[in-house]
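Breakdown of the fold
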Amino acid sequence: MSIERARVKLQPGGDKRAMLGHPWIFSNELVMDGAAKSLLPGQIVTLVRADGRPLGAAFFNAHSLIAARLLTRDADRPIDEVFLQRRLERALKLRERLIGAPYYRLVHAEADGIPGCIIDRFGDVVVVEPNTAGADALIEPLVAALDRLLKPRAIVVSGDGPARTLEGLAPVHRMAKGTLHGALEIAEHGARFLADLAEGQKTGWFFDQRDNRVLAARFAQDADVLDLYSYSGGFGVQAARHGAKSVLSVDRSQPALDLARRAATLNAVGERLATEAAEAFEFLESAGGEHRTFDVVLADPPAFVKSKKDFHQGARAYRKLARLAASRVRSGGFLFLASCSYNMPAEEFRAQVARGLHEAGRSGRILYATGAAPDHPVHPMLPESAYLKALLLQVD
Ligand code: SAH
């Protein structure tokens, strides 16, 4: 039985990438006739090859360069609450296997088979970020499927990133179920943290650095640690728990630092963690003037390369950060630097860090080159979605 839904034709040869396993079809690979252009953004369509054979079911958005995103290669499969529930179940099973406590990225877009959709889980609170018109249009069955699967006490629908803008979507922040009061507690590798979903940035917590926080903390024993761009204390609190003598968390956001302080107290390391509200570069420059140094310097900044066009400027910012941060590391100490810029390839990031280290007049060695934790899986055909890069170096 063939399913009733709009059909969009591919240009001859427009299925080349899709035939190799890629989940995207660009607008110039489709027949963008009046009928296709009149489809609602986010509508589910059956893609049909030039020779008439169906390719699969996809999210369609005539206004986006990525005009179609494949959901399944079974063109007859209904895309409904049951379909979404199957995808959610598969994602949940994987996270339960990977991570000991229910605090993680439950769905990481294409890699989990729901294109452009991010879902983070904070125990019995779930945050859905529909970043494509297709995911946005499916929000009701998605919320219903989540509700059935996890029975959370609250579901937040939130999103204001550039991805939504590219898809022609307005920012959204609303409660689809329940209410939220105050910060939520998270458990991560034995530590307790706080995330404020109402006030917080993005989805309130950066789960992607979970494993890197304990990796860096392994170098914190008896160390004076500087945690730049600390947000709510993810790196700093783990470092203190792993025996740091002192931790200084620096961020420009006072509300984020307040949560870091509260998390330090929750973990009984409050007397070893101090905070300072400051611009990171200014802090580093004045610390340089005072010849202040640390055994371990951690820097996990916001994306410096926000779009392709500011690549060079962003690359320079990573180099400058590496230079200023490296010069604050005591001889034999350790430096952890991260980049969450989607448009900054790992090789280029490493090159900028290497140059910054050299410009600081320092030498050293890379001990670890890592990325996001595995609850942020990568679609094998979308290696660029491995946005997070991190390097841990020893500095002479
Ligand atoms: N390392 C954190 C996540 C960092 S997110 C963790 O492990 O959870 C980036 C942080 O950088 C945000 O908290 C933001 O407030 C802060 N920030 C952005 N620009 C800044 C600047 N110029 N100086 C200092 N902090 C900045």
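Residues numbered from 1 in each chain as written. Predicted model: local features only at pLDDT ≥ 70, side-chain atom pairs only at ≥ 80, totals over all residues. Heavy atoms only, no water.

Notes on the packing of helix α11 (residues 311-326) against helix α12 (residues 346-359)
Note the following rule: Helix axes are fitted to C-alpha atoms over the stretch in contact, other axes to C-alpha atoms as well, and angles between N-to-C directions run from 0 to 180 degrees. Helix and strand assignments come from DSSP, with helices taken as H or I runs of at least 4 residues and strands as E runs of at least 2, each series counted from the N terminus. Any angle from 65 to 115 degrees is called roughly perpendicular, while one under 35 is roughly parallel, one over 145 is roughly antiparallel, and all others are oblique. Handedness of a helix crossing follows the sense of rotation of the near helix relative to the far helix, less than a right angle counterclockwise being left-handed and clockwise being right-handed. The contact definition used throughout considers only heavy atoms, calling two residues in contact when any of these lie within 4.5 Å. Classification used: nonpolar for Ala, Val, Leu, Ile, Met, Phe, Trp, Tyr, Cys and Pro, charged for Asp, Glu, Lys and Arg, polar for all others including Gly.
Between α11 and α12, whose axes approach to 7 Å, the crossing angle comes to 45 degrees. In terms of their interaxial angle, α11 and α12 are classed as oblique. Relative to α12, α11 is oriented so that their crossing is right-handed. In contact with Phe311, Ala315, Tyr318, Arg319, Ala322, Arg323 and Ala326 of α11, α12 contributes Glu348, Phe349, Gln352, Val353, Arg355, Gly356, Leu357 and Glu359. For the contact of α11 with α12, the class distribution of residues is eight nonpolar, two polar and five charged.

Notes on helix α10 (residues 280-289)
Spelled out, the test is: Partly exposed residues are those whose accessible area sits between 20% and 50% of the maximum for their type, while under 20% is buried and over 50% is exposed, using a 1.4 Å probe and protein chains only. Arc, as used here, means the arc of the directions from the helix axis to the C-beta atoms.
When α10 is considered as a whole, its buried residues turn out to be Ala280, Phe283, Leu284, Ala287 and Gly288. End-on view of α10: buried residues confined to an arc of 135 degrees, all on one side of the axis. Exposed residues pointing more than 90 degrees away from the buried face of α10 are listed as Glu282 and Gly289. Buried residues belonging to α10 abut β13 (224-228), β14 (246-251), β15 (273-277), β16 (294-299) and α11. One or two steps after α10, the chain reaches His291, where phi turns positive at roughly 55 degrees.

Comments concerning the sheet that holds strand β7 (residues 117-122)
The strands making up a sheet associate through backbone hydrogen bonding, with each pair oriented either parallel or antiparallel. Under the convention used in this document: Strand pairing is defined by DSSP finding a minimum of two bridges between the two strands.
Pairing within the open sheet is mixed, and its five strands lie in the order β6-β7-β8-β9-β10. Bordering the open sheet on either side are β6 (103-108) and β10 (172-177), each of which pairs with just one other strand. Neighbour-to-neighbour, the strand axes of the sheet open up by a mean angle of 20 degrees, direction not taken into account. Here strand β9 (residues 154-159) runs beside β10; their pairing, made up of five bridges, is antiparallel. Considered in β10, the bridge of Gly159 is made with Val172. Here helix α5 (residues 139-150) sits on the sheet and contacts β6, β7, β8 (125-130), β9 and β10; the angle it forms with β8, its principal contact strand, is near 155 degrees.

Some details on the packing of aromatic side chains
Formally: Stacked, tilted and edge-to-face pairs are distinguished by plane angle, under 30 degrees for stacked and over 60 for edge-to-face with tilted covering the rest, among Phe, Tyr and Trp rings (Trp via its six-membered ring) whose centres lie within 6.5 Å.
Per the counting criterion, the structure on display carries ten aromatic pairs. Measuring from centroid to centroid gives 5.2 Å for Phe122 and Phe207, while their planes differ by 50 degrees, and the two rings are tilted. Linking Phe122 in strand β7 with Phe207 in the loop between β12 (191-195) and α7 (210-217), this pair joins segments that are 85 residues apart in sequence. Taking the relative accessible area as the measure of exposure, Phe122 reaches 2% and is therefore buried.

Regarding the site of the ligand
Put simply, the rule is: A cutoff of 4 Å decides nearness: a residue is near a molecule or strand if any of its heavy atoms lies inside that distance of it. We define a polar contact as two N or O atoms separated by no more than 3.5 Å, with the added condition that, inside protein, one atom must be a possible hydrogen donor and the other a possible acceptor, whereas residues neighbouring each other in sequence contribute only through side-chain atom pairs. Values of accessible area rely on a 1.4 Å probe in the Shrake-Rupley scheme; residue burial ignores everything except the protein chains shown.
Taken together, 15 residues are adjacent to the ligand, and Arg213, Asp251, Glu279, Ala280 and Asp300 come closest. Contact between the ligand and Asp251: an oxygen atom at 2.6 Å from a side-chain N or O atom of the residue. Within the contact set of the ligand, a nitrogen atom lies 2.8 Å away from a side-chain nitrogen or oxygen of Asp300. Notes on the ligand: free accessible area 580 Å², of which the protein chains cover 91%. Tallied by class, residues from the shell around the ligand come to seven nonpolar, three polar and five charged.

Quick notes on helix α3 (residues 81-98)
Note that an α-helix has 3.6 residues per turn; residues three or four places apart therefore point the same way. For clarity, the cut-off: By this rule, a helix spans an expected 1.5 Å times one less than how many residues it contains.
With 18 residues, α3 extends 25 Å between its outermost C-alpha atoms, agreeing within 8% with the 26 Å of an ideal straight helix rising 1.5 Å per residue. Looking at α3, one finds that the buried residues are Phe83, Leu84, Gln85, Arg87, Leu88, Ala91, Leu92 and Arg95. Buried residues along α3 sit against β5 (66-72), β6, β7 and α5.

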